[in-house]
There are 2 protein chains.
Amino acid sequence: MSTDWLSHRSEIRVLDCTIRDGGLMNNHHFEDRIVKAVYDACVAGGIDYMEIGYRASRKNIKLGEHGCWKYCQEEDIRRIVGENATALKLSIMADAGKCDYREDIPAKQESVIDLVRVACYVHGDCELEAALELLAPSEAQAIYVVDSFGALYPLQTRRLVQKYLQHAKACGKEVGIHAHNNLQLAYANTIEAIVLGANYLDATMAGLGRGAGNCHMELLLGLLRDPQYQLRPVLQCVAETIEPLRHELGWGFDLPYLLTGLFNQHPRAAIDYNAQPETGDIGAFFDSF
Amino acid sequence: MSTDWLSHRSEIRVLDCTIRDGGLMNNHHFEDRIVKAVYDACVAGGIDYMEIGYRASRKNIKLGEHGCWKYCQEEDIRRIVGENATALKLSIMADAGKCDYREDIPAKQESVIDLVRVACYVHGDCELEAALELLAPSEAQAIYVVDSFGALYPLQTRRLVQKYLQHAKACGKEVGIHAHNNLQLAYANTIEAIVLGANYLDATMAGLGRGAGNCHMELLLGLLRDPQYQLRPVLQCVAETIEPLRHELGWGFDLPYLLTGLFNQHPRAAIDYNAQPETGDIGAFFDSF
């Protein structure tokens, strides 16, 4: 084991992506009071980064088709955070291919944004090796293992994190982990990554995120023995602000999400299954894989 | 790593304890149709053992105070399983101190019960060492690591399972794991134990069990690559029989159970918190630890 996982490690950065990943469950239509409550809890909880949404090109969009957290224009962000005179840093996510960095990403001095994370898609071991060789010497400060389908077991997470660390550490970069909960392993996979040396850790309030959701922030902060992090404001945000959304947004572990995770599939089939007006036939859904 | 965890291992035994552990959430009052549905799913799913309830002394009891699965008299069990002419074996649990083995445990030829598991309570590392030294040469066929409070992290599970294996294997015994989900780690801890060589694996349909519940059977069978086990009948039992009980029985991960797990406390404080007629104050509950 490369580290004592229960001890303090000053390189750790906790990133809340409740509004960004949760936005995939409500087409990015969060009321301002929800975004503000998450922001306030992140500040009070000593969390390092809050990812407030996506940044995407607005060319040819149909106004009103998506909530504003799909685009995160500066005025939307500032409506929540003002000048963000706090220790919390702000992040946005840009999907490779859906954002033009020359037009859509402003210079630092014009923006309250501190971090841009770029989602890109790599399939298969050969591609991964090539991608890591490209990314390691790039200007990025960290490279994430992302389990979008929630299909990884801890031992598979271990192999991936070890591979990422080899490439990243040689170039002075950090490795991050972003897990999904289809197999109820988001937290366990995050712990596995921490033990190995991953320092950028994604989590969301109440696990709110696409499909089965993410690693719960309240679990992650319960683990980290760093007085920087405060669990109490996170518990209150979860109980008072996020859990009341569960019925409407419908994220969290269930059988259809288990099955897409088990068969390493995109959760959209499970989202469709759950959106049916009548209760589905889980046996028939199982047979469809 | 002592084994290839994804491969078949013929020594593995899966034990369903839905009715036994779930009985702690409804005072053992399951309707026969529920017990029968779990039994049928266990048979169809190729599960090795079903633990149908507790066996306890009936001296000085108040009739009707508890449901019949607190006592599992032979006629109650036979009402569900008949002569149990199946490959499924039946188990009961006897709490040390609440059962007199001379009176309450009949001879094998008078009973459909195949296995008696004895719950006993050991606190602290010194006691554990002494208990393992007593148990290893006993007549028991397996010794379980039991995380009743759902407080173990995978690395702690690892240390315990390794210690148990040392004692047990020297005497030809198996090691088992019974996990709770307060930290969403019941399945991860079970995987950790499997990898190390634990062969008796507890799980419940939909995770039904005390407090945050147990390792989900549908997750465990999804992992085991043994054609003996069939996921489909388990999925149907979960969807059609167990999930409809969730509102009434109220098991499963939530913030109060997270906190009792995090602080390594019995879940009763969380059960009381959840039983309040009005929504509690999670911040005050956190402060109470």
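Residues numbered from 1 in each chain as written. Chains lettered and ligands numbered in written order. Predicted model: local features only at pLDDT ≥ 70, side-chain atom pairs only at ≥ 80, totals over all residues. Heavy atoms only, no water.

A.B. asks: What should I look at first to understand the interface of chain B and chain A in this one?
C.D. replies: Bring the parts together and some accessible area is lost; that lost area is often taken as the interface size. Contact with chain B, which involves 38 residues of that partner, is made by 38 residues of chain A. Taken together, the two surfaces of chain B and chain A that pack against each other cover about 3,200 Å², and 73% of this comes from carbon and sulfur. Taken together, the connections running from chain B to chain A amount to two salt bridges. Ionic pairing is found between Asp287(A) and Arg232(B), a salt bridge with its closest N-O pair at 2.6 Å. At the junction of chain B with chain A, the criterion picks out eight residue pairs in polar contact (both at pLDDT 80 or more). Looking at the side of chain B that touches chain A, the elements that each hand over two or more residues are α6 (154–170), α7 (186–196), α8 (217–223), α9 (231–242), α11 (255–262) and α13 (282–287) of chain B. If one sorts the elements of the side of chain B that touches chain A by residue count, α9(B) sits on top with six residues. (Contact = heavy atoms within 4.5 Å. Buried area = accessible area lost by both parts, 1.4 Å probe. Salt bridge = Lys/Arg side-chain N within 4 Å of Asp/Glu carboxyl O. Polar contact = N/O pair within 3.5 Å; in protein donor to acceptor, adjacent residues only side chain to side chain. Helix = DSSP H or I, 4+ residues; strand = E, 2+ residues; numbered from the N terminus.)

A.B. asks: Honestly, the sheet that holds strand β1 (residues 13–16) of chain B in this entry has me stumped. Any pointers?
C.D. replies: Strand-to-strand pairing in sheets goes through backbone hydrogen bonds, with the strands running parallel or antiparallel. Residue and element names in this part refer to chain B. Pairing in this open sheet of seven strands is parallel, and the strands run β4-β3-β2-β1-β7-β6-β5 from one edge to the other. The two strands at the open ends of the sheet, each matched to only one other strand, are β4 (115–119) and β5 (142–146). Sheet twist, expressed as the average angle between the axes of neighbouring strands with direction ignored, equals 30°. Both strand β3 (residues 89–95) and β4 contribute to a ladder of five bridges, which runs parallel. Considered in β4, the bridge of Ala94 is made with Val118. (Pairing = 2+ DSSP bridges. Axes fitted to C-alpha atoms, helices over the stretch in contact; angles between N-to-C directions.)

A.B. asks: Could you clarify how one ought to interpret the confidence of the model for chain A in this entry?
C.D. replies: Should pLDDT be low for a region, the predicted coordinates there are not to be read in detail. Averaged over every residue, the pLDDT of chain A is 94; residues scoring 70 or more account for 98%. Confidence estimates for the predicted assembly give a pTM of 0.96 and an ipTM of 0.94. (pLDDT = per-residue confidence, 0-100.)

A.B. asks: I tried to follow the pairing of strand β6 (residues 174–178) of chain B on my own but got confused; where do I start?
C.D. replies: Residues and elements named next belong to chain B. The buried fraction of β6 is high, at five of five residues. Residues of β6 alternate between two faces, with Glu174, Gly176 and His178 on one and Val175 and Ile177 on the opposite face, all of them buried. In the sheet, β5 pairs with β6 via five bridges, with the strands oriented parallel. Note on β6: the bridge partner recorded for Val146 is His178. Once you follow β5 into α6 and on to β6, the crossover reads as right-handed. Where β6 lies against strand β7 (residues 200–203), two bridges are found, and the strand directions are parallel. Pairing of Gly176 across the sheet is with Tyr200, part of β7. In this view, the connection linking β6 to its parallel neighbour β7 by way of α7 has right-handed handedness. (Buried < 20%, exposed > 50% of the residue type's maximum accessible area, 1.4 Å probe, protein only. Right-handed = clockwise from strand over helix to strand, strands pointing away.)

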